[in-house]
Amino acid sequence: MYKEVLRSIENIEIFPIISLVIFVLFFTGIAIWALKVPKEYIEHMSSLPMDDEHELTDKKP
């Protein structure tokens with residue numbers, strides 16, 4: 001039943017191609033960003049969870 005519904009829709013074959021192109025562009029963009037980001041930024045971001053200076057619990061009610 002579902003196959004017949006999908007076959008009856010005109011120009012549906014473009015949607016898998018569009019989604020694949022979007023995925024490849026997004027993945028490529030993230031990969032390029034990950035390779036170009038400075039090491040200092042990565043080290044700073046990795047140390048944030050252990051940093052006591054920026055705790056949210058410091059504020060008093």
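Residues numbered from 1 in each chain as written. Predicted model: local features only at pLDDT ≥ 70, side-chain atom pairs only at ≥ 80, totals over all residues. Heavy atoms only, no water.

Novice: I would appreciate a short explanation of the overall build of the protein in the present structure.
Specialist: The helix and strand inventory of the protein stands at 3 helices and 0 strands. Helices (α) and strands (β) of the protein occur, in sequence order from the N terminus, as α-α-α. Scored against the burial criterion, the 61 residues of the protein give a buried share of 2%. Of the roughly 6,500 Å² of accessible surface on the protein, 69% is carried by carbon and sulfur atoms. (Helix = DSSP H or I, 4+ residues; strand = E, 2+ residues; numbered from the N terminus. Buried < 20%, exposed > 50% of the residue type's maximum accessible area, 1.4 Å probe, protein only. Areas by Shrake-Rupley, 256 points an atom, 1.4 Å probe, with all protein chains shown as cover.)

Novice: Mind showing me how you'd approach unusual backbone geometry here?
Specialist: Among all residues except glycine, the phi angle is most often negative; among peptide bonds, the trans geometry is most common. One non-glycine residue, Asn 11, adopts positive backbone phi at about 60 degrees. Mapped onto the elements of the fold, Asn 11 is located in the loop between α1 (2-8) and α2 (14-36). Overall, Asn 11 belongs to the exposed group, its relative accessible area being 53%.

Novice: Explain the packing of aromatic side chains here, please?
Specialist: Any two aromatic rings considered together are summarised by their centre-to-centre distance and by the angle between their planes. Under the counting rule described, the total for this entry stands at 2 aromatic pairs. Here the aromatic rings of Trp 33 and Tyr 41 are separated by 6.4 Å at their centres, their planes lie at 85 degrees, and the arrangement is edge-to-face. A relative accessible area of 37% places Tyr 41 in the partly exposed class. (Phe/Tyr/Trp six-rings, centres within 6.5 Å; stacked < 30°, edge-to-face > 60°.)

Novice: I tried to follow the confidence of the model for the protein on my own but got confused; where do I start?
Specialist: Parts of the prediction with low pLDDT should not have their coordinates interpreted in detail. Averaged over all residues, the pLDDT of the protein equals 83, while 85% of them reach at least 70. Predicted confidence in the protein is weakest over α1, with a mean pLDDT of 77, and strongest over α2, with 96. (pLDDT = per-residue confidence, 0-100.)

Novice: Whenever I open this one, a nonpolar patch on the surface confuses me. Can you help?
Specialist: Taken together, the side chains of Ile 14, Phe 15, Ile 17, Ile 18, Val 21, Ile 22 and Leu 25 define a hydrophobic patch exposed on the protein surface, amounting to about 680 Å² of accessible area. Within the element layout of this structure, Val 21 appears in helix α2. For Val 21, a relative accessible area of 44% gives the class partly exposed. (Patch = residues over 30% accessible without salt bridge, like charges linked within 9 Å, V, L, I, M, F, W, Y side chains within 5 Å. Salt bridge = Lys/Arg side-chain N within 4 Å of Asp/Glu carboxyl O.)

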